[in-house]
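# Secondary and tertiary structure notes
The primary structure of each chain is shown beneath.
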Amino acid sequence: MKAPDRAGILDRLFWGAGSLVVLGYALVPLIWLVSLSLKRAADLGDGRFLPAVVSTESYAAVLHDPQFAAALVNSLGIAAIATALAVVVALLAAYAIVRLEFAGRRLILAAALAIAMFPPVSIIGPLFNLWRSFGLYDRWAGLVLPYLTFSLPLALWSLSAFLREIPWDLEKAARVDGATPLQAFWLVIVPLAAPGVVTAAILVFMFAWNDFLFASALTSTNQARTVPAAIAFFTGSSRFEQPTGSIAAASVVVTLPVILLVLVFQRRIVAGLTAGAVKG
Amino acid sequence: MRPRGSAEQRLAWLLCAPAVIAMLAVTAYPMLYALWLSLFRYDLRFPGERHFVGLANYAAVLESEVWWRSLLNTLMITVGSVAVELVLGLVFALVMQRALVGRRVVRTGLLVPYGIITVVAAMSWRFAFDPTTGFVNGLLGLHGAWLAERWSAFFVIIQTEVWKTTPFMALLLLAGLTLVPEELLRAARVDGAGAVQRFFRITLPLMRPVILVALLFRTLDAFRIFDTVYVQTRGAQDTATVSLVGYDTLITRLNLGLGSAVSVLIFVCVVLIAALYIKGFALDLSTSGRGR
């Protein structure tokens, strides 16, 4: 590596400062939530950004709340199932769309576009009605199904865009070198596609984890109510007291798995976004 | 290209079958059901009184001021948030691509708003702008109750949307940035093109398809805004969006007939927006990159 010249150093300083600003913008509301969650109930109205006295009373309240524990389990289970299903279904379709010549290719993409455009609020009435007669109302499956469907376009698009960038000639080259079709696919294409699959899985998981509309319309009890609905409908010990501290503590608790997920898969995401570097 | 056989056709349909079934069963069928329900007077509180009313529900919705106000509110939120997100998203993507020190930290940090549940983000900003618990007033030396007044409530809602979804935009755009060949930029630099010129003449045109996809997704997403408004104002101060009106009619008031008419109208609006992108900007989602 050559030594950076003066312009190079300025360049670094500029983008370094930019990074700090971006990071600050992204993290301030999270830090604010953590700070709120650590304030004593009496200090919630003090208008300070950081707590004067650190207290864990809000966490104690939330972690002993059976409704919150149930919501956490529901959210994790439902999002995980929906993610697994959506990625498999989308990968199959994306492969067909990118690699195979067939009459329905445009039709599938048009259908996916229709779903992506689709306003979920348009079907919560019918689903509410149907799910009650099918016994899916207030059940995991009642949320897994809409999450699977509504995350499909996102998964399908990100995967097929990703598959398109894969140098498929490598597969051909492997075949010329004597690999079987399955070997060529498994040893050459799958490793190239894996980062794309991880990226798609994260997009789907976050979609399911995030949803509030279906969760609030299609569930009513601890049996299937997920975290966003639980937090939005949180009531304090008395009806007249806004449980700010508890909401903040619950929010911090449910944000942890996501940050963990991002940290664990960071390398794969970066690899996924910089893949396709193989040329010529 | 070699001729393709019917075996390939069959395989392709087989691979696509699960996706097609899921899409038909959970959206097309319920949507047709909504279309059907919208032609009836049908209130779940009085299920016995269900009867056919033709297009009367649509007439009722289109004559109500609530619908037109909520449509206007939704469009304002959509245009406001998506415009800011595009610019910020491009800046963030460039920072992520160019920063040499701590680039991984920035990417991870930027994934946090995207990962945070919208309801949680809306709560966080609601508490931040709250006159008693918040810090924003203290920071700016103001005393206003932001969510108690229409325009400041819109500001809080839009800024929550921007904070929450700019990372999505930035990550999509970053993926587009990596498709811009580094040699091309270096060659342009050698030929004397400045940083700004390189960005507008090379980077942006090459990223056009990615930008359009990102814009399409975000515009449609913003138009359907529900969570943030529900948590921050619940539609008070005349901030209700079309999704909120639909939800209240369907789930809170259990009026399936009228609510379904609202649902169908929201669907029509969304189709119009998508048509604008696809026809207006010639966005082609299926053929790009084929046959290379």
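The numbering scheme is per chain: residues are counted from 1 as the chain's sequence reads. By the order in which they are written, chains take letters starting at A while ligands take numbers starting at 1. It should be noted that, the model being predicted, local features are given only for residues of pLDDT at least 70 and side-chain atom pairs only at 80 or more, the latter also being counted only at that level, while totals for whole chains, interfaces and linings use all residues.

## Considerations on the overall build of chain B
- Note on conventions: DSSP H or I runs of at least 4 residues are helices, E runs of at least 2 residues are strands, and numbering of each starts at the N terminus. Within chain B one finds twelve helices and two strands.
- Principal-axis analysis of the C-alpha atoms places the extent of chain B at approximately 75 × 70 × 30 Å.
- Once C-beta atoms are placed from the backbone, each residue is buried if 20 or more other C-beta atoms lie within 10 Å of its own, exposed if 12 or fewer, and partly exposed for counts between those two. Among the 292 residues that make up chain B, the fraction classed as buried is 47%.

## A few points about the interface of chain B and chain A
- Whether two residues are in contact depends on their C-beta atoms, placed from the backbone: they are in contact if these lie within 7 Å. On the chain A side, the residues contacting the 85 residues of chain B number 82 residues.
- Take the side of chain B that touches chain A: its biggest share by element is 19 residues, from helix α1 (residues 6-37) of chain B.
- Split into classes, the residues belonging to the side of chain B that touches chain A amount to 58 nonpolar, 20 polar and seven charged. Following the grouping adopted for this structure description, the nonpolar residues are Ala, Val, Leu, Ile, Met, Phe, Trp, Tyr, Cys and Pro, the charged ones are Asp, Glu, Lys and Arg, and the polar ones are all others, Gly among them.

## Focus on the environment of Arg48 of chain A
All names here are of chain A.
- Locating Arg48 in the fold gives a position in the loop between α1 (6-37) and α2 (57-63).
- On the basis of neighbour counts, which here come to 12 C-beta atoms within 10 Å, the residue Arg48 falls in the exposed class.
- The sequence separation of Arg48 and Gly24 amounts to 24 residues, and the corresponding C-alpha distance is 18 Å.

## Digging into the nonpolar core
- Any set of buried Ala, Val, Leu, Ile, Met, Phe, Trp, Tyr and Cys residues joined through C-beta atoms within 7 Å is what this text calls a nonpolar core. Grouped together as the largest cluster of nonpolar side chains are 180 residues, with contacts concentrated most on Ala90, Ala93, Ile124, Leu152, Ala155 and Val204 of chain A together with Leu173 of chain B.
- In this entry, domain limits derive from an automatic or database-based domain assignment. Per-domain counts for this core show at least three residues from each of domain 1 (1-55) and domain 2 (62-274) of chain A.
- Among residues more than four places away in sequence, those in contact with Ile124 of chain A are Leu213, Phe214 and Ala217 of chain A together with Tyr247, Leu250 and Ile251 of chain B.

## A few points about helix α5 (residues 121-134) of chain A
- Over its 14 residues, α5 of chain A extends 20 Å from the first C-alpha to the last, a length consistent with the 20 Å expected when each residue adds 1.5 Å.
- Here the bend at a residue is taken as the angle between two axes, fitted respectively to the seven residues that end there and the seven that start there. The largest bend in α5 of chain A comes to about 30°, at Leu127 of chain A.
- Within α5 of chain A, ten of the 14 residues are buried, which leaves it mostly tucked inside the rest of the structure.
- Buried residues of α5 of chain A: Val121, Ser122, Ile123, Ile124, Gly125, Pro126, Leu127, Phe128, Asn129 and Trp131 of chain A, and no others.
- The secondary structure elements touched by the buried residues of α5 of chain A are α6 (140-165) and α9 (213-218) of chain A together with α1, α11 (242-252) and α12 (256-280) of chain B.
- Positive backbone phi, at 75°, marks Gly135 of chain A, one or two positions downstream of α5 of chain A. Each residue after the first adds 1.5 Å to the expected span of a helix.

## Looking at the confidence of the model for chain B
Residue and element names in this part refer to chain B.
- Residue-level confidence of the predictor is what pLDDT reports, using numbers from 0 through 100. Overall, the prediction assigns chain B a mean pLDDT of 85, with 95% of residues at 70 or greater.
- Within chain B, the lowest mean pLDDT, 79, falls on helix α4 (residues 103-115), and the highest, 93, falls on helix α10 (residues 227-232).
- Predicted confidence is poor over residues 286-292, with pLDDT under 50, and the contacts of this stretch with residues over four places away or in other chains come to five contacts.
- Across the predicted assembly, pTM comes out at 0.85 and ipTM at 0.84.

## Topic: the domain arrangement of chain A
Residues and elements named next belong to chain A.
- Each assigned domain of chain A is listed with its residue range as follows: domain 1 (1-55) and domain 2 (62-274).
- In this structure, domain 1 and domain 2 have C-alpha centres spaced 29 Å apart.
- Across the boundary between the two partners, domain 1 contributes eight residues, which contact seven residues of domain 2.
- Residue composition of the side of domain 1 that touches domain 2, grouped by class: six nonpolar, one polar and one charged.

## Side note on the packing of helix α7 (residues 150-177) of chain B against helix α9 (residues 195-223) of chain B
All names here are of chain B.
- Orientation is described by axes fitted as lines to C-alpha atoms, over the contacting stretch for helices, and by angles from 0 to 180 degrees between their N-to-C directions. Two elements in contact, α7 and α9, have axes separated by 9 Å at closest approach and are oriented at 150°. On the basis of their axis angle, the class for α7 and α9 is roughly antiparallel. Of the two possible hands of crossing, α7 and α9 adopt the one that is right-handed. Counting all contacts with α7, which are made through Glu161, Thr165, Met169, Leu172, Leu173, Ala175, Gly176 and Leu177, the residues of α9 involved are Thr203, Met207, Val210, Ile211, Ala214, Arg218 and Ala222.
- For the contact of α7 with α9, the residue count by class is ten nonpolar, three polar and two charged. Angular relationships are summarised with four words: roughly parallel below 35 degrees, roughly antiparallel beyond 145, roughly perpendicular across 65 to 115, and oblique for the angles in between. A clockwise turn of the near helix away from the far one marks a right-handed crossing, whereas an anticlockwise turn of less than a right angle marks a left-handed crossing.

## Observations regarding unusual backbone geometry
All names here are of chain A.
- Within the chain, Asp138 stands out as a residue other than glycine whose phi angle is a positive 60°.
- Within the secondary structure layout, Asp138 lies in the loop between α5 and α6.
- For Asp138, a count of 17 C-beta atoms within 10 Å puts it in the partly exposed group.

## Structural notes on the environment of Ala93 of chain A
- Looking at the secondary structure, you find Ala93 of chain A in helix α3 (residues 66-99).
- Sequence separation of Ala93 of chain A and Leu156 of chain A is 63 residues, and the distance between their C-alpha atoms is 7.2 Å.
- Those residues within four positions of Ala93 of chain A in sequence are excluded, and the remaining contacts are Ile108 and Leu156 of chain A together with Leu15, Cys16 and Ala19 of chain B.

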